[in-house]
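# A structural walkthrough
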Amino acid sequence: MLCSSWPLIAQGASIKKAYPDELISIEMQTKGKVKVGDIISKDNVQYVKHLCDPFLYRQITEQGRKIKIRATTLDVTEKMYSRPFWEATMRGQAAGGAKFDADGNLITVGGKKWTGGSPFPDPKTALEATINLTLAWGRADMTQYAVRETEINAAGDIDYRYDFSWMELMVQSRTDGQVLRNQNDLLRQQVVWFTSTEDVAGTSFLSTWYYDQRKMPDLYGYLPQFRRVRQFPANQRFEPLVPGATWFLTDAWAAGDPMLTWGDYKVVEIRPALMAAGGNWKGKRPNWEKGRHGGPKGNTFFDTEFELAPEVMVVEAKPTGFPRAPAGFKRMWIDLRNSMYCADIRYDRNGKEWVNFETGSGQLTDGDLTLYYEGTKDPIWSWNYVLSADIQTGRMTQIEHAEKVAGGIKNRWNVPAEEVYDKYFTQKAVASFGKI
């Protein structure tokens, strides 16, 4: 590095001055072997092998995956944050920033609970990088995502298709600085509600997160076949919610469990890497659907774009709060430009690679088309896709951020809490989903 990138990001300036050319130019990095716009395949992946996570490299060399190379994003402030989340981040830094208390929980330097935005926009430790992910998954006060999921087996055949709504409501650590209903012990409410296929429609789950990162969320679910809401045990976080899925609740946003229910955090390395940090929203296509390729039937992978990220922190953690967890540890590949992950690799108890919960994120911009937060000219930042690949079974879960799915589900951001809390984020609401 030539200098720290954070002062430049904080000023809204290009990060070009912080790095030598070989860390922000794929052409310089590969000595001219790869340039922006090129397609990486098994024929040329050797030139970027040192920039790939283990799953990405194996998928390209063994399963026919291809990725397109895009230019490195240099205007981080404008392209890699949403404006409300960025402004909350800067307010928090201006007030002195954050620290961890004696219990390991996040507080302001004044001893209060965090006020919103990223607490450590320039993370130096594994815990700082991880709490950035854990505290604000979707980086908005309220989100409702329309999600389409496809389960593909090792032979390339589609076993299951699901439509569902994934909803998040921040109770505190909000960009508007509020604490909803004076619930000072809570962090967020999260709901997943399946609307298709018929055999799972109405299945829904409510996860109530506490601010205390040592405390497990309360997980309630409604299963239509039993016609009642029941509470699920903590180990449900290491089981699929529906048949065929390769992902668990623990995988969500690479931080699906409270931070302090995992332990032995360490930084494995900091390195340049290829990351899906933009260019993967296909807003001009019907229902935002991506193209597919690779695998036995030519449908295993999404068509995706990756860029050279100059600094990626690889963080390792172990599920110390889950004695019976089938996972031995995980490694999160976190882009230090905006503290967002791309790869989240889960290893089994024998230390063997198991599942990579790969997530592409970025602004919802496709050429001259951009989506904005309602009533503003602020581009929406969000996740774009997930590829959850189980290397041990050969199964792939494709998760698409769609425009709409069965049940009339569409995307919404930052809807006022009073309009959605009782309707979606209570046990009564969860039961009502099964009756629709």
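Check the entry above for the structure.
Residues numbered from 1 in each chain as written. Predicted model: local features only at pLDDT ≥ 70, side-chain atom pairs only at ≥ 80, totals over all residues. Heavy atoms only, no water.

### Some details on the state of the cysteines
The criterion, for reference: Working definition: a disulfide is two cysteine sulfur atoms within 2.5 Å of each other. Each residue gets one of three labels from its accessible area relative to the maximum for its type: buried under 20%, exposed over 50%, partly exposed in between, using a 1.4 Å probe on protein chains only.
Under the criterion given, the structure shown has zero disulfides. Free cysteine: C52, not disulfide-bonded; nearest cysteine sulfur from C342 at 11 Å. Exposure remark for C342: the relative accessible area of 2% places this residue in the buried category.

### Observations regarding the layout of surface pockets
The test is simple: Whether a set of points on the 1 Å grid over the protein atoms alone is a cavity depends on a 1.4 Å probe fitting there but being unable to get out, while an open set qualifies as a pocket with protein on both sides within 12 Å along at least five of seven lines; lining residues are those with an atom within 4 Å of a point. Grid points are joined across faces, edges and corners, and a volume is the space filled by probe spheres set on the points. Under the DSSP-based scheme used, a helix requires at least four consecutive residues in state H or I and a strand at least two consecutive residues in state E, with every element numbered from the N terminus. Throughout this entry, Asp, Glu, Lys and Arg are counted as charged residues, while Ala, Val, Leu, Ile, Met, Phe, Trp, Tyr, Cys and Pro are counted as nonpolar. The remaining residues, Gly among them, count as polar.
Size it by volume and the largest pocket reaches roughly 290 Å³. If you trace the largest pocket, you find 18 residues lining it, with R70, K79, G279, Q363 and T365 closest to the centre. If you list the elements that add at least two residues to the lining of the largest pocket, you get strand 17 (353-363) and strand 18 (365-366). Here the lining of the largest pocket is composed, by residue class, of four nonpolar, nine polar and five charged.

### Things to note about empty space enclosed by the protein
By rolling a water-sized probe across the atoms, one finds the places where empty space is left. On inspection of all chains with the given rule, the structure shows four cavities of 30 Å³ or more. The computed volume of the largest cavity comes to approximately 190 Å³. If you trace the largest cavity, you find 13 residues lining it, with W166, W253, F357, W383 and V386 closest to the centre. Going through the elements one at a time, strand 5 (142-152), strand 6 (158-170), strand 17 and strand 20 (381-390) are the ones with two or more residues in the lining of the largest cavity. Looking at side-chain class alone, the lining of the largest cavity contains 12 nonpolar, one polar and no charged residues. Approximately 50 Å³ is the volume found for the second largest cavity. Taken together, M80, M275, A276, A277, D335, N338, M340, Y341, C342 and S361 make up the full set of residues lining the second largest cavity. Among the elements that take part in the lining of the second largest cavity, strand 16 (residues 340-348) stands out by supplying three residues, more than any other.

That is the geometry; function is a separate question.
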